[in-house]
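Architecture and fold: a report
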Amino acid sequence: MEEKKPQIRVWCDGCYDMVHFGHANSLRQAKALGDYLIVGVHTDEEITKHKGPPVFTEEERYKMVRGIKWVDEVVEGAPYVTTLETLDQYNCDFCVHGDDITMTADGIDTYHLVKAAGRYKEVQRTAGVSTTDLVGRMLLLTRQHFQQGAREYEVGREGPSNMGQDSSARSPWTGCSQFLPTTQKIIQFSDGKPPKPNDKIVYVAGAFDLFHVGHLDFLEQARKQGDYLIVGLHTDPVVNKYRGGNYPIMNLHERVLSVLACKYVSEVVIGAPLVVTKELMDHFKVDIVCHGQTPIQTGGFDDPYAEPKRQGKFKLLDSGNTMTTEKIVERIILHRLEFEARNMRKEKKEIAAYEAYTKAKKEGKVRCCFLQECSSARRL
Ligand code: CTP
Ligand code: C5P
């Protein structure tokens, strides 16, 4: 008789604030290292103590992590410092984290215990996306209202006062200025499964900018309308035309990955037309087209859902969630100073830790896996 291989249980933890495809990619890589993935998410209180105020509440963050397709289980209120007791409590073999450093308010590596016990693995952090960077992009929207002169960062580098896309990325970990999309990443995120012959196909379209709990609840409802959910993403110029300002905050490539990481989504149309045409419906064999409770964007033209309505294949859904991309931006702007301070504190801590590491390395004093070189992290 063939012996059954024991299940490898993997633990990840973090803040998962403003969940983005960088978080999803770390969870994808973590899952690939085992069979069952448990994700511990910290409370608002813990994050505020160690890092600064989160943008999203713990309930919102728990839900967002549960919505990621590689996650099997979420542990709410996981401790900030990962202990062996926590790994044992959930029967996890080891803990996985990206190749950046996470520290407590006192500057202690939150993974020092699991590293010392040899129960820690690293995966490569996704360069060019972070909560810090996204907050920076949103704050750029306020540029006309907050014109401050350029000031020196305390770490001795020059940078503009608003932590924008081009200026937030200074630390060696959060530090790549731009995400570089590749076909491989899309393949890794995609299920790659076509619909089965008798599947009922649901189509929805929109910007899905800064993928959030409102989108998640809507997609859950949409998926319940059938068996195979296709999400059409409008192009950046189209979204900019109907939203104005600096929208979309995330570009099309980034939005594609955020939506593909969602467990309810089967397929994404990269750059869908605003108008849901007969050709599109025939091509994808769409059985039903859905829209949520937000206003329908016409882009100055006629009703984009005229065709599905004519065919009797249109349904308005109410997920009961009123979150919107604009509300997130409002939250950020309202707490602008706190977030700016939080971003700068995080960056300063990381730079100091990295400098200490490079100094120790030069002197031949690097002892354990504390701060491994980025290149040593596994790329999966
Ligand atoms: N992560 C990643 N790539 C990113 C951002 C985060 O791989 N671009 C990983 C982190 O390395 C960690 C997990 O996502 O393993 C959870 O990170 P989190 O605790 O939420 O905090 P940050 O690393 O600070 O993420 P961010 O800078 O986006 O707030
Ligand atoms: O705003 P956006 O175009 O990204 O929305 C995509 C889809 O998600 C739309 O159908 C919208 O009505 C829906 N949605 C929702 N509830 C929210 C936010 C968005 O049903 N809170």
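Structure: above.
Residues numbered from 1 in each chain as written. Chains lettered and ligands numbered in written order. Predicted model: local features only at pLDDT ≥ 70, side-chain atom pairs only at ≥ 80, totals over all residues. Heavy atoms only, no water.

**Some words on helix 13 (residues 325–334)**
To keep things clear, this is the line we draw: Using a 1.4 Å probe on the protein chains alone, a residue whose accessible area is under 20% of its type maximum counts as buried, one over 50% counts as exposed, and one in between counts as partly exposed. We count a stretch as a helix when DSSP gives it H or I for four or more residues in a row; a strand needs E for two or more, and each element gets its number in order from the N terminus. Read the arc as the range of directions from the helix axis to the C-beta atoms. Residue contacts are defined here by distance: any two heavy atoms, one from each residue, within 4.5 Å place the two residues in contact.
Three or more residues of helix 13 are buried, namely Thr325, Ile328, Val329 and Ile332. Buried residues along helix 13 cover an arc of 100° about the axis, so they all sit on one side. In helix 13, the exposed positions angled more than 90 degrees off the buried face are occupied by Glu330 and Leu334. Buried-residue contacts for helix 13 involve helix 6 (131–139), helix 8 (213–224) and helix 14 (336–362).

**As for the site of ligand 1**
Note the following rule: For this purpose, a residue is taken to be near a molecule or strand whenever a single non-hydrogen atom of the residue falls within 4 Å of it. Here a polar contact is recorded for every N or O atom pair within 3.5 Å, except that within protein the pair must consist of a potential hydrogen donor and a potential acceptor, and residues adjacent in sequence are included only if both atoms are side-chain atoms. Only the protein chains shown count as cover for residues, and the accessible areas themselves come from Shrake-Rupley with a 1.4 Å probe.
The full set close to ligand 1 counts 17 residues, and His20, Asp100, Thr126, Val129 and Thr131 are the nearest of them. With respect to ligand 1, the backbone of Tyr16 contributes an N or O atom lying 2.9 Å from an oxygen atom. In this structure, an oxygen atom belonging to ligand 1 sits 3.1 Å away from a side-chain N or O atom of His23. For ligand 1, whose unbound accessible area comes to 560 Å², protein coverage reaches 97%. Among the elements that take part in the shell around ligand 1, helix 1 (residues 21–32) stands out by supplying three residues, more than any other.

**Details of the side chain of Asp99**
As a reminder, the rule being used: When charges are counted, neither His nor the chain ends are considered; positive counts come from Lys and Arg and negative counts from Asp and Glu. Basic side-chain nitrogens of Lys or Arg form a salt bridge, by our definition, when they fall within 4 Å of a carboxyl oxygen of Asp or Glu.
Within the secondary structure, Asp99 is located in the loop between strand 4 (94–98) and helix 5 (112–116). One buried charged side chain, Asp99, makes no salt bridge at all; its nearest oppositely charged neighbour is Arg125, positioned 6.0 Å away. From its side chain, Asp99 meets the backbone nitrogen of Arg125 in a polar contact 2.9 Å long.

**Describing empty space enclosed by the protein**
Under the convention used in this document: Buriedness for pockets is judged along seven lines, at least five of which must meet protein on both sides within 12 Å for an open set on the 1 Å grid over protein atoms alone, while cavities are sets there where a 1.4 Å probe fits but cannot get out, and lining residues have an atom within 4 Å of a point. Grid points are joined across faces, edges and corners, and a volume is the space filled by probe spheres set on the points. Under the grouping applied here, Gly and all other residues not named as nonpolar or charged are polar, the nonpolar ones being Ala, Val, Leu, Ile, Met, Phe, Trp, Tyr, Cys and Pro and the charged ones Asp, Glu, Lys and Arg.
In total, this model carries three cavities of 30 Å³ or more according to the counting rule given. The calculated volume of the largest cavity comes to roughly 90 Å³. Along the walls of the largest cavity sit Val19, His20, Phe21, Ala24, Met64, Gly67, Ile68, Phe211, Leu216, Ser258, Ala261 and Cys262, which together make up its complete lining. Here the residues of the lining of the largest cavity sort into nine nonpolar, three polar and no charged.

**What to know about the packing of aromatic side chains**
We describe a pair of aromatic rings using the distance from one ring centre to the other and the angle between the two ring planes. Short version of the rule: Each Phe, Tyr or Trp ring, with Trp reduced to its six-membered ring, pairs with another whose centre is within 6.5 Å; inter-plane angles below 30 degrees give stacked pairs, above 60 give edge-to-face pairs, and intermediate values give tilted ones. Geometrically, a lysine NZ or arginine CZ counts as sitting over a ring once it is within 6 Å of the ring centre and also within 35 degrees of the ring normal.
Considering all chains together, one arrives at five aromatic pairs under this definition. The interplanar angle of 40° and the centroid separation of 5.5 Å between the aromatic rings of Tyr111 and Tyr120 together place this pair among those described as tilted. With relative accessibility at 11%, the residue Tyr120 sits in the buried group. Above the face of the Tyr120 ring, Lys115 is positioned so that its terminal group lies 4.9 Å from the ring centre.

**Some remarks on unusual backbone geometry**
With glycine set apart, most residues show a phi of negative sign, and most peptide bonds adopt trans. In this structure, Pro248 follows Tyr247 across a cis peptide bond, with omega equal to -5°. Mapped onto the elements of the fold, Pro248 is located in the loop between helix 9 (236–243) and helix 10 (252–260). Of note, the phi angle at Leu210 is positive, near 50°, even though the residue is not glycine. Structurally, the position occupied by Leu210 is in the loop between strand 8 (201–206) and helix 8.

**Focus: helix 6**
When you tally the buried positions in helix 6, you get nine out of nine residues, the bulk of the element. Of all the positions in helix 6, only Thr131, Thr132, Asp133, Leu134, Val135, Gly136, Arg137, Met138 and Leu139 are classed as buried. The N-terminus of helix 6 is capped by Ser130, whose side-chain oxygen sits 3.0 Å from the backbone nitrogen of Asp133.

**Comments concerning the side chain of Thr104**
Residue position: Thr104 is located in the loop between strand 4 and helix 5. On the basis of relative accessible area, Thr104 is assigned to the buried category, the value being 5%. In this view, Thr104 contacts His50, Tyr80, Val81, Thr110 and Lys349; residues no more than four positions away in its chain are not counted.

**Some words on the pattern of salt bridges**
Scanning all chains against the criterion turns up 16 salt bridges. The residue Asp282 makes a salt bridge to Lys278 at a minimum N-O spacing of 2.8 Å. Taken together, the positions of Asp282 and Lys278, both in helix 11 (residues 278–283) and four residues apart, correspond to about one turn of that helix. The network of salt bridges with common partners includes Asp133, Arg137 and Glu254.

**Observations concerning the sheet that holds strand 8**
Stated formally: DSSP bridges decide pairing: two strands pair if at least two such bridges lie between them. Here an axis means a line fitted to C-alpha atoms, over the contact stretch when the element is a helix, while the angle between two N-to-C directions is reported on a 0 to 180 degree scale.
Pairing in this open sheet of five strands is parallel, and the strands run 10-9-8-11-12 from one edge to the other. At either margin of the open sheet sits one strand with a lone partner, and together these are strand 10 (267–270) and strand 12 (314–316). Sheet twist, expressed as the mean angle between neighbouring strand axes with direction ignored, is 25°.

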